[in-house]
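Here is what each chain is made of, one letter per residue.
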Amino acid sequence: MDHRGLTRARVAVAATFALHGAVTGSFATRIPWIQDHLHTGPGGLGLALLAPAVGSLVAMPTAGRVTHRFGGRAVTRWLIALWCAMLAFPALAPNLPSLWLVLFVYGAVAGMCDVAMNAQGVVVEQRLGRSIMSGLHGMWSVGGLVAGGVGILAAHAGLDARVHLGAMAVVLIVAGLGVGPFLLDVRPGADEAAPPHFVLPAREVLLIGLIGFAGIFGESASQDWCAVYLKQVAGASPAVAAASYTAFAFMMAAGRLCGDAVVRRVGPVRTVRAGGALATLGGVLVVAGRAPVPAIAGFMLIGLGIAVVIPLVFAAAGNAGRTPSEGVAGAATVSYASGFVAPSAIGGIAAVTGLPISFGLVTALLAAVLLGAGVLRPSAAGARTRLTPDSPAEPA
């Protein structure tokens, strides 16, 4: 493929990431409406919100087989369209059991689409010969922030969530189908055996996925608990507590958008080590600083430090696996399991010992990212291509 075709493919996969993030951002803003509409309490809603994580964990290991069967372009195009369509259904659920079922399917589609679009990103990165995965995940954050802003305006105007989410679903479906033809048509070789229906990660991919597990644990714990931490531990006002999440999310988006430039200069291992160091310092500030300013600064450092972890985990896993989709599926299954565990683990530890101790565990896992970054080394991961023609050799 010529450079122009690769540029179109890069734009198309970036748009796909943004659309995926836009669905997440749109849904998040209307969760209070859904809770009020179903007259359910925090316990029932919390149980329903576990369903997407369960659906993702069940479905992601099958994504490699589906991609092998139908090809990367078709699978990514139709999964992103289906994922956008799923946005309309949670607000239509008439009761809590039906909401759980809808969100289970919602999560399953989201997880498979996540694997497919990350595999697309890995292949485009390989063919371009330079890092782009961090920027792609940055586009996911941008899509979520923009759609979240639209959702806030819709909620403020009192717009029925069924109308808002239905209209957003239509717009996003059209956009997803429109960019789909420009994706790479990645297909297996004639002699390439199909992966199993349900793929368990190989040892190399498992180790890479464990770095992702630690990174997502820090991300999930911070985004779910930062406002509570600011209010209950640091004594911040409700407005300042709410602003802590915005600061965290902004730093994560900025880190991802700038991350590729750092990777091209120093390589993935040093980039993740530096990020792990920043995130660990942020965790120390959160645990030690019992005032709003150091706590917010700590959450901002965590957001900046872990921004590049998942993009580089998926890039390394895509290169380490037998095929990009199989490697990404394995690492994603391990990594995203953390999002299932983290919120309840933080809450359970906090109930017994307090939130500072909970975030001591978060800080330890962030330090594990720093110490374990070497497993992302391209040579160790069996990379098919180097990220740049003159990538610096990285020490163990």
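Since we're looking at a predicted model, the values are computed, not measured.

Here the focus is the overall build of the protein. The number of helices and strands found in the protein is 15 helices and zero strands. Relative to the globule expectation of 21 Å for 396 residues, the C-alpha radius of gyration of the protein, 20 Å, shows essentially globular dimensions. With the C-alpha coordinates aligned to their principal axes, the bounding extent of the protein is approximately 55 × 45 × 35 Å. Considering the protein as a whole, with its 396 residues, one finds that 54% of them fall into the buried category. Taking the contacts inside the protein whose residues are at least 6 apart along the sequence as the reference set, 84% of them involve residues at least 24 apart. Here the protein has roughly 15,900 Å² of accessible surface; of this, 71% comes from carbon and sulfur atoms.

The next subject is the packing of helix H6 (residues 96–128) against helix H7 (residues 133–156). Where H6 contacts H7, the axes come no closer than 10 Å and their chain directions differ by 145 degrees. Crossing geometry of H6 relative to H7 is assigned as right-handed. Across from Met117, Asn118, Gly121, Val122 and Glu125 in H6, the residues of H7 making contact are Met133, Leu136, His137 and Trp140.

The next point concerns unusual backbone geometry. The backbone of His39 sits at a positive phi, close to 55 degrees, despite the residue not being glycine. The residue His39 is located in the loop between helix H2 (31–38) and helix H3 (42–59) in this model. We classify His39 as exposed; its relative accessible area is 73%.

Next up on the list: the state of the cysteines. Under the counting rule described, the total for this entry stands at zero disulfides. Summary of cysteine pairing: Cys113 is not part of a disulfide, and the nearest cysteine sulfur, belonging to Cys84, is at 7.6 Å. Here Cys113 falls in the buried class, since its relative accessible area comes to 0%.

Okay, the side chain of Ser134 next. By secondary structure assignment, the location of Ser134 is in helix H7. Relative accessible area serves as the criterion here: at 0%, Ser134 is assigned to the buried category. Within the structure, Ser134 has its side chain in polar contact with the backbone oxygen of Arg256 (distance 2.7 Å). Beyond its immediate stretch of four places on either side in the chain, Ser134 contacts Gly255, Arg256, Leu257, Gly259, Asp260, Val308 and Pro311.

Once that is clear, we can look at the packing of helix H1 (residues 3–29) against H2. Taken N-terminus to C-terminus, the directions of H1 and H2 make an angle of 45 degrees; their axes are 4 Å apart at the nearest point. The orientation of H1 relative to H2 falls into the category oblique. Facing H1, whose interface residues are Phe27, Ala28 and Thr29, H2 presents Ile31, Pro32 and Ile34.

Between its first and last C-alpha atoms helix H10 (residues 238–266) spans 40 Å; for 29 residues at 1.5 Å apiece the expected length is 42 Å, and the two agree. Of all bends in H10, the biggest is about 45 degrees, found at Cys258. Following H10 by one or two positions, Gly267 has its phi on the positive side, about 90 degrees.

Rules used in this analysis
Residues numbered from 1 in each chain as written. Predicted model: local features only at pLDDT ≥ 70, side-chain atom pairs only at ≥ 80, totals over all residues. Heavy atoms only, no water. Helix = DSSP H or I, 4+ residues; strand = E, 2+ residues; numbered from the N terminus. Rg over C-alpha atoms; globule rule 2.2 N^0.38 Å. Buried < 20%, exposed > 50% of the residue type's maximum accessible area, 1.4 Å probe, protein only. Contact = heavy atoms within 4.5 Å. Areas by Shrake-Rupley, 256 points an atom, 1.4 Å probe, with all protein chains shown as cover. Axes fitted to C-alpha atoms, helices over the stretch in contact; angles between N-to-C directions. Left-handed = near helix turned anticlockwise from the far one by under 90°. Disulfide = S-S within 2.5 Å. Polar contact = N/O pair within 3.5 Å; in protein donor to acceptor, adjacent residues only side chain to side chain. Parallel < 35°, antiparallel > 145°, perpendicular 65-115°, else oblique. Expected span 1.5 Å × (residues − 1). Bend = angle between axes of the 7 residues up to and from the residue.

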